[in-house]
Amino acid sequence: MKKNKSQSPGLRWCEYVFDIYLGLLLSAFILICAPYENILDVKYGLFYGICGGFIIVMTLSVIELLFIKQLKMADLLKKLKDNKWMIFLIVMYLVSTLISGITSPYDYDYMTGFSRNEGFITQGIYMLTLLFSCFFGRIKNWHIYLFGAVCIVFSLLCFVQVAGYNPFMLYPEGYNYHDAYVAYSGEYVGTIGNADLVSAFLSMASSLFFALIFTEKGIKKTMVAIFFTFSFLALLLIKVAAGILAFFAFLLLFFPLYAYSKHKNWFRRILTAEVIVIFLGVIIFYVWDFGKNGTFYDIHLLLHGNLTPRSGSGRIHIYSQVISKIPDHFWFGTGPDSMAMWELEGFSKYIESLGQTVTRGIDVAHSEYLNILAQQGFISFIFFVALIIYCIVTFFKEEKNIKNIVLVSPAFAYLIQAFFGFSMCLVAPIFWTFIGMMTRKKEDEQNETVM
């Protein structure tokens, strides 16, 4: 990698700290786990240790480097000025989330959250991770290959579990993947656990490695193709529609951007082809009922005008229940991670392996955007959406070179699946790190080779 000789030693140190953090996030954070009944506690501890530790070390480093004059105040002020709107939106989002917790009608610890550890502290770590990743983050070759190796191990574990085995005793003794909703109240797989979160993770990984196939050559191209194959097959195997939909939606963004950066004369042709693909996709969703189950079935019913709260995957019932309660606390919600106390009517879901329908309680909206609107209120929702839009607009203002397109891949896939998924510290830090790197200003990387 070529170093920017004009860079101060302090900036190089901060980027070195980020390198270590990203390496840990893409390896230890993913692979270290525990039996599924304890996995959230273990992952939450890792989240605090790796992401919280990164923020503390980076903050102390910046202060010390300024004090010993190894970091130029002018460099830091430039970063703050260049990202002043991001900082404003982050501050306003966190302030409105804090007000949401303070004014909550429920007596609970809004700093940590009630059921999913998504309280104010977690939100703060997400936002500071985004900010420091934007300031100092870049992904290196060794990060890619480390992450690829991790995804192979992760995918192999998924394959073995879906085959009916229970390595490392992650399921209760005597049970396996196919005992979901019998021995435990959900579907769990891999070293992340919840199948919806696994789907979000694999959609990000698949999108990243697919984009890299178009940037690498020779043996490197072969390696990332192998990484993609394992990740994508695991994504298909667990059959969570949100992640699969996110990956194919990512393709609709990737090919026009790739054509624009490499072959501008193909740009309009690809857009035309995508319009045809979308049209054919609508026909498929209209004709095929997808076994009368899941999110894809919801889309099928919607196209037929037959969608009711009790039909499909149960999400429509969840959405209708949540939306009906929003006006009660419209501006500031009921506090972060408080929905489990709403006492909503449970939803029913047909389990193919059992041949029967089970009923589950509602503690999350199964849409990250709706979740923020409902729990943290309209004010927090507006600042959250504005922050995401700011990051996307900043990306599109930069030159559409293939390296930038690679960085947007996992972030875009996550944002799509978030319409049907939810945020938890088991996966969300990866998203906030990538969207931070995606938003980094182009001039920060002059004279440097990233990948």
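In this report, the structure presented in the accompanying data block is examined. (Residues numbered from 1 in each chain as written. Predicted model: local features only at pLDDT ≥ 70, side-chain atom pairs only at ≥ 80, totals over all residues. Heavy atoms only, no water.)

A separate point is the overall build of the protein chain. When helices and strands are counted, the protein chain shows 16 helices and four strands. Looking at the protein chain as a whole, 56% of its 451 residues qualify as buried. Within the protein chain, contacts between residues at least 6 apart in sequence are counted, and of these 74% link residues at least 24 apart. (Helix = DSSP H or I, 4+ residues; strand = E, 2+ residues; numbered from the N terminus. Buried < 20%, exposed > 50% of the residue type's maximum accessible area, 1.4 Å probe, protein only. Contact = heavy atoms within 4.5 Å.)

With 135 residues, the main nonpolar core has F201, F209 and W432 as its most contacted residues. Counting residues per element, this core draws most heavily on helix α8 (residues 195-213), which supplies 14 residues. Discounting residues that sit within four places of it in the chain, F209 has contacts with I144, F147, G148, C151, V224, F227, F228 and S231. (Core = buried A, V, L, I, M, F, W, Y, C linked by side-chain atoms within 4.5 Å.)

Once that is clear, we can look at the environment of E368. If you trace the backbone, E368 turns up in helix α14 (residues 368-397). Residue E368 is classed as buried on the basis of its relative accessible area of 4%. On a C-alpha basis, the gap between E368 and L415 in space is 9.0 Å, while along the polypeptide they are 47 residues apart. In contact with E368, not counting residues within four places along its chain, are F384, Y414, A418, G421, F422 and S423.

The next subject is the pattern of salt bridges. Using the criterion set out here, one finds five salt bridges in the structure. Among the salt bridges present, the one from R440 reaches E15, with a minimum N-O distance of 3.0 Å. With R440 in the segment after α16 (428-439) and E15 in helix α1 (residues 9-25), this residue pair connects regions lying 425 residues apart in the sequence. Residue classification places R440 among the buried positions, given a relative accessible area of 4%. Residues D19 and K140 are paired through a salt bridge, measuring 2.7 Å at the closest nitrogen-oxygen approach. Of this pair, D19 sits in helix α1 while K140 sits in the loop between α6 (120-136) and α7 (141-162), and the two are 121 residues apart along the sequence. (Salt bridge = Lys/Arg side-chain N within 4 Å of Asp/Glu carboxyl O.)

With that out of the way, let us pick up the packing of aromatic side chains. Enumeration according to the criterion identifies 49 aromatic pairs in this entry. Summarising the aromatic geometry, the rings of F88 and F383 are spaced 6.4 Å apart at their centres and angled 85° between planes, so their arrangement reads as edge-to-face. Of the two residues, F88 sits in helix α5 (residues 84-102) while F383 sits in helix α14, which places them 295 residues apart along the sequence. Since its relative accessible area comes to 17%, F383 is described here as buried. Seen in terms of ring centroids, Y93 and F384 are 5.7 Å apart; in terms of plane orientation they differ by 50°. Their pairing is tilted. Residue Y93 is found in helix α5, and its partner F384 is found in helix α14; the two are separated by 291 residues along the sequence. For Y93, a relative accessible area of 0% corresponds to the buried category. Among the aromatic residues, those joined into a cluster by ring pairs are Y44, F47, Y48, Y93, Y126, Y369, F384, Y414, F419, F431 and W432. Residue placement shows K43 over the ring face of F29; its charged tip is 5.7 Å from the ring centre. (Phe/Tyr/Trp six-rings, centres within 6.5 Å; stacked < 30°, edge-to-face > 60°. Lys NZ or Arg CZ within 6 Å of the ring centre and 35° of its normal.)

On to the side chain of S423. Mapped onto the elements of the fold, S423 is located in the loop between α15 (402-417) and α16. Within the structure, S423 has its side chain in polar contact with the side chain of E118 (distance 3.0 Å). Apart from the residues lying within four places of it in its own chain, the contact partners of S423 are E118, Y126, E368, Y414 and A428. (Polar contact = N/O pair within 3.5 Å; in protein donor to acceptor, adjacent residues only side chain to side chain.)

A separate point is the environment of L146. Tracing the backbone through its elements, the reader meets L146 in helix α7. The partly exposed category is assigned to L146, whose relative accessible area is 28%. Residues in contact with L146, not counting those within four places in the same chain, are G23 and S27.

Bringing the state of the cysteines into the picture now. Within this structure, the stated rule accounts for zero disulfides. Of all cysteine sulfurs in the structure, the one in C134 sits closest to C391, which takes part in no disulfide; the separation is 7.2 Å. Here C391 falls in the buried class, since its relative accessible area comes to 1%. (Disulfide = S-S within 2.5 Å.)

Let us look at helix α11 (residues 267-287). Helix length check: α11, at 21 residues, gives a terminal C-alpha distance of 31 Å against a target of 30 Å (1.5 Å per residue), a fit within 8%. When we look at burial in α11, the residues that qualify are I270, E274 and F285. Relative to the axis of α11, the buried residues are bounded by an arc of 55° and lie together on one face. In α11, those exposed residues whose orientation departs by more than 90 degrees from the buried face are R268, V275, F279 and V287. (Expected span 1.5 Å × (residues − 1). Arc of directions from axis to C-beta.)

Turning our attention to the environment of I326. Tracing the chain through its elements places I326 in the loop between α13 (315-325) and β3 (347-351). The class of I326 is buried, set by a relative accessible area of 8%. Among all residues touching I326, those that are not within four sequence positions of it are L370, L373 and A374.

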